[in-house]
Amino acid sequence: QVQLVESGGGLVQPGGSLRLSCAASGHIFNINHMGWYRQAPGKQRELVAVISSGDQTNYADSVKGRFTISGDNAKKTVDLQMNSLKPEDTAVYYCNADLDVFGGIRYRDKWGQGTQVTVSS
């Protein structure tokens, strides 16, 4: 069974930093891409950042220059370094992955359980 487990959320003051981590487990053969999404109360889930197996990255305009995504295919992890946090970054952050498992099954849209990030003074 494939699982994504996030960690690192919490409460931080505006201007502060947090680092989120996500670890994938299971009989994973290949990771095509991993990323982070977020959902604020009353809003739709939105892409924050994604990284491909070739280390290509894509960021939402709202986080460019403040957030950095990094991945380690060997460890099956993806991290999100968040700096200069703003109150509008407050949301539940979800890890997402597109991966292949042994046996020829592809999970195109696997989700973690989410971790709360609150930016407030």
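As shown above, the structure is provided for reference.
Residues numbered from 1 in each chain as written. Predicted model: local features only at pLDDT ≥ 70, side-chain atom pairs only at ≥ 80, totals over all residues. Heavy atoms only, no water.

Quick one: what's the story with the pairing of strand 11 (residues 115-119), residue by residue and with numbers?
Every regular strand shows the same layout, with side chains that alternate between the two sheet faces. On strand 11, burial follows the alternation: Thr115, Val117 and Val119 on one face are buried, whereas Gln116 and Thr118 on the facing-out side are not. One ladder, built from three bridges, connects strand 2 (residues 10-12) with strand 11; its direction is parallel. Within strand 11, the residue paired with leucine 11 across the bridge is threonine 118. Looking at chain direction, strand 9 (residues 91-101) and strand 11 are connected through three bridges and run antiparallel. For alanine 91, the partnering residue across the bridge sits in strand 11 and is valine 117. (Buried < 20%, exposed > 50% of the residue type's maximum accessible area, 1.4 Å probe, protein only. Helix = DSSP H or I, 4+ residues; strand = E, 2+ residues; numbered from the N terminus. Pairing = 2+ DSSP bridges.)

Which residues make up the packing of aromatic side chains, and what values do they have?
A complete count under the given rule lists three aromatic pairs for this structure. Seen from their ring centres, phenylalanine 29 and phenylalanine 102 are 5.3 Å apart, and the 70° between their planes marks the pair as edge-to-face. Here phenylalanine 29, found in strand 4 (residues 28-39), pairs with phenylalanine 102, found in the loop between strand 9 and strand 10 (105-111); they are 73 residues apart in sequence, far enough to count as distant. Summarising the burial analysis for this pair, phenylalanine 29 and phenylalanine 102 share the class exposed. (Phe/Tyr/Trp six-rings, centres within 6.5 Å; stacked < 30°, edge-to-face > 60°.)

Kindly report on the state of the cysteines, identifying the contributing residues and their values.
For the coordinates displayed, the defined rule picks out one disulfide. A sulfur-sulfur distance of 2.1 Å marks the disulfide that ties cysteine 22 to cysteine 95. Disulfide cysteine 22 to cysteine 95: torsion about the S-S bond roughly -85°, handedness left-handed. Here the residue cysteine 22 occupies a position in strand 3 (residues 18-25), and cysteine 95 occupies one in strand 9, the gap between them amounting to 73 residues. Each member of the pair cysteine 22 and cysteine 95 is classed as buried. (Disulfide = S-S within 2.5 Å.)

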